[in-house]
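In case you want the letters, here they are:
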Amino acid sequence: QARVYDPRQIASLSLEITEFPLIFPPKKCSEILECGEWTLYRSSAIPHNSDFDVIQWWVGMKDRLPRMYPLIQCTLCIPHISCDVERNFSVWKRVRSDKQ
């Protein structure tokens, strides 16, 4: 469901914010709908661009979407791949073996 935060994906999203309960809790849904942020966000679709930076886009929109922005911050800071974690385990395995 994280693609809901990518403005390049807006056109393919459901029109209903309630279809994203893992991202928008019910209380936040009503706040976002009441103040019109969901409508504003849905109208902010942008074309695909290889140089596009989702985080910078959200930083630029934080004043226009103040209720959505904190939710986005929490989600976008989560790594989407585990390569770094796996690399750390490999290094740790070389430092400490099962025999120690």
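Note that this is a predicted model, so its numbers are computed, not measured.

Here's the deal with helix 3 (residues 54–61)
All of the buried residues along helix 3 are V54, W57, W58 and M61. Projection of helix 3 onto a plane perpendicular to its axis shows the buried side chains occupying an angular sector of 95°, all on one side. Turned more than 90 degrees away from the buried face of helix 3 sit Q56 and G60, all of them exposed. At its buried positions, helix 3 is contacted by helix 2 (37–42) and helix 4 (69–76). Capping the start of helix 3, D53 holds a side-chain oxygen 3.1 Å from the backbone nitrogen of I55, two or three residues further along.

Some words on the nonpolar core
By size, the foremost hydrophobic cluster in this structure holds 22 residues, and its most contacted members are V4, Y5, F24, W38, Y41, W58 and M68. Elements that contribute at least two residues to this core include exactly helix 1 (26–34), helix 2, helix 3 and helix 4. Contact partners of W38, with chain neighbours within four places excluded, come to V4, S14, L15, E16, I17, F20, F24, I32, L33 and M68.

Structural notes on the packing of aromatic side chains
Taken as a whole, this structure holds 8 aromatic pairs when the rule is applied. With centroids separated by 6.5 Å and ring planes inclined at 90°, the aromatic side chains of Y5 and W58 adopt a geometry described as edge-to-face. Taken together, the residues span a long stretch of sequence, with Y5 in the segment before helix 1 and W58 in helix 3 at a distance of 53 residues. Classification of W58 as buried rests on a relative accessible area of 1%. Every member of this aromatic cluster is reached through a ring pair, and the members are Y5, F20, F24, W38, Y41, W57 and W58.

Notes on the pattern of salt bridges
According to the stated counting rule, one finds 3 salt bridges in the structure shown. For K28, the salt bridge goes to E31, with nearest N and O atoms at 3.7 Å. Here E31 and K28 lie together in helix 1, a separation of 3 residues that amounts to about one turn. Residue E31 is classed as partly exposed on the basis of its relative accessible area of 26%. With its nearest N and O atoms 3.2 Å apart, the salt bridge here joins R67 to E37. In this pair, R67 sits in the loop between helix 3 and helix 4 while E37 sits in helix 2, placing the two residues 30 residues apart along the sequence. R67 gets classed as partly exposed once you look at its relative accessible area, which sits at 34%. In this structure E37 comes out as buried when scored by relative accessible area, which is 2%.

Brief notes about the confidence of the model for the chain
On average, residues of the chain carry a pLDDT of 81, and 81% of them reach 70 or more. Within the chain, helix 2 carries the highest mean pLDDT (92), whereas helix 5 (residues 83–95) carries the lowest (70).

Concerning the environment of S12
Within the fold, S12 resides in the segment before helix 1. Polar side-chain contacts of S12 include one of 2.8 Å to the backbone oxygen of Q9.

What counts, and at which threshold
Residues numbered from 1 in each chain as written. Predicted model: local features only at pLDDT ≥ 70, side-chain atom pairs only at ≥ 80, totals over all residues. Heavy atoms only, no water. Buried < 20%, exposed > 50% of the residue type's maximum accessible area, 1.4 Å probe, protein only. Helix = DSSP H or I, 4+ residues; strand = E, 2+ residues; numbered from the N terminus. Arc of directions from axis to C-beta. Contact = heavy atoms within 4.5 Å. Polar contact = N/O pair within 3.5 Å; in protein donor to acceptor, adjacent residues only side chain to side chain. Core = buried A, V, L, I, M, F, W, Y, C linked by side-chain atoms within 4.5 Å. Phe/Tyr/Trp six-rings, centres within 6.5 Å; stacked < 30°, edge-to-face > 60°. Salt bridge = Lys/Arg side-chain N within 4 Å of Asp/Glu carboxyl O. pLDDT = per-residue confidence, 0-100.

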